[in-house]
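# Coordinate analysis (summary)
Here's the letter readout for the chains.
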Amino acid sequence: MKLECAYSFGDLYTAAFGRSPKRAELDALYALSQADRNVQVGEWARQAGWGTEQRVGTDGVVYTAFCPLWK
């Protein structure tokens, strides 16, 4: 498993906003198209100071992977 697989959207949200997400906030993320979700995840990662990388899944869909940047 790669490091990016160890973190959830909730972890990312908490790092970006300093609190756990409400269920409605995650539901809103899940309701987005994958392309729009990737944009949102990228924005949260920038706010959190985390890194991102585009990955193509076995289904051919592009996903934004994310994890903290280690110094």
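Notes on the structure in this doc start here. Along each chain, numbering runs from 1 in the same order as the chain's sequence is written. Local features in this predicted model are restricted to residues whose pLDDT is 70 or higher, and side-chain atom pairs enter the listing and the counts only when it is 80 or higher, whereas totals over whole chains, interfaces and linings include all residues. Derived side-chain values reflect all non-hydrogen atoms in the structure, with water molecules and hydrogen atoms excluded from consideration.

## Re the overall build of the protein chain
Helix numbers and strand numbers start at the N terminus; a helix is a DSSP run of H or I with at least 4 residues, a strand a run of E with at least 2. When you go through the protein chain residue by residue, the secondary structure sums to three helices and two strands. Sequence-ordered secondary structure for the protein chain, helices as α and strands as β, is α-α-α-β-β. Between the two quantities, the radius of gyration covers C-alpha atoms and the globule rule is 2.2 Å times the number of residues to the power 0.38. Computed over C-alpha atoms, the radius of gyration of the protein chain comes to 12 Å, within 12% of the 11 Å expected from 2.2 N^0.38 for 71 residues, which places it in the range of a compact globule. Principal-axis analysis of the C-alpha atoms places the extent of the protein chain at approximately 35 × 35 × 20 Å. By residue count, 30% of the 71 residues in the protein chain fall in the buried class. Accessible area is worked out with a 1.4 Å probe on protein chains only. A residue is then buried under 20% of its type maximum, exposed over 50%, and partly exposed in between.

## Quick word on the packing of aromatic side chains
Put simply, two rings from Phe, Tyr or Trp (the six-membered ring, in Trp's case) pair if the centres are within 6.5 Å, and we call them stacked under 30 degrees between planes, edge-to-face over 60, tilted for the rest. Counted under the stated rule, the structure contains seven aromatic pairs. Centroid distance F17 to W44: 6.2 Å. Interplanar angle 85°. Geometry classified as edge-to-face. Taken together, the residues F17 in helix 1 (residues 9-17) and W44 in helix 3 (residues 34-48) connect sequence positions 27 residues apart. Following the ring pairs from residue to residue traces out a cluster consisting of Y7, F9, Y30, W50 and F66.

## Some thoughts on the pattern of salt bridges
Between Lys or Arg on one side and Asp or Glu on the other, a salt bridge is scored when a side-chain nitrogen of the former is within 4 Å of a carboxyl oxygen of the latter. In the structure shown here, the tally under the stated rule is three salt bridges. Two residues, D27 and R23, come together in a salt bridge whose shortest N-O distance is 3.1 Å. With D27 and R23 both in helix 2 (residues 23-31) and four residues apart, this pair spans about one turn of that helix. The shortest N-O distance in the salt bridge between R55 and E53 comes to 2.8 Å. A relative accessible area of 22% means that R55 is categorised as partly exposed. Judged by relative accessible area, E53 falls into the partly exposed class, the value being 38%.

## Focus: the nonpolar core
In these notes, a set of buried Ala, Val, Leu, Ile, Met, Phe, Trp, Tyr and Cys residues joined through side-chain atoms within 4.5 Å is what counts as a nonpolar core. The biggest cluster of nonpolar side chains holds nine residues, and these are L12, Y13, A16, L29, V41, W44, A45, W50 and F66. Setting aside residues no more than four positions away along its own chain, L12 makes contact with V41, W44, A45, A48, W50 and F66. We call two residues contacting when some pair of their heavy atoms lies within 4.5 Å.

## Comments concerning the environment of S33
On the secondary structure map, S33 appears in the loop between helix 2 and helix 3. We classify S33 as partly exposed; its relative accessible area is 39%. The term polar contact refers here to a pair of N or O atoms within 3.5 Å; inside protein, the definition further demands a hydrogen-donor-capable atom paired with an acceptor-capable atom, and it admits residues adjacent in sequence only when both atoms are side-chain atoms. Among the polar contacts made by the side chain of S33, one reaches the main-chain amide nitrogen of D36 at a distance of 3.2 Å.

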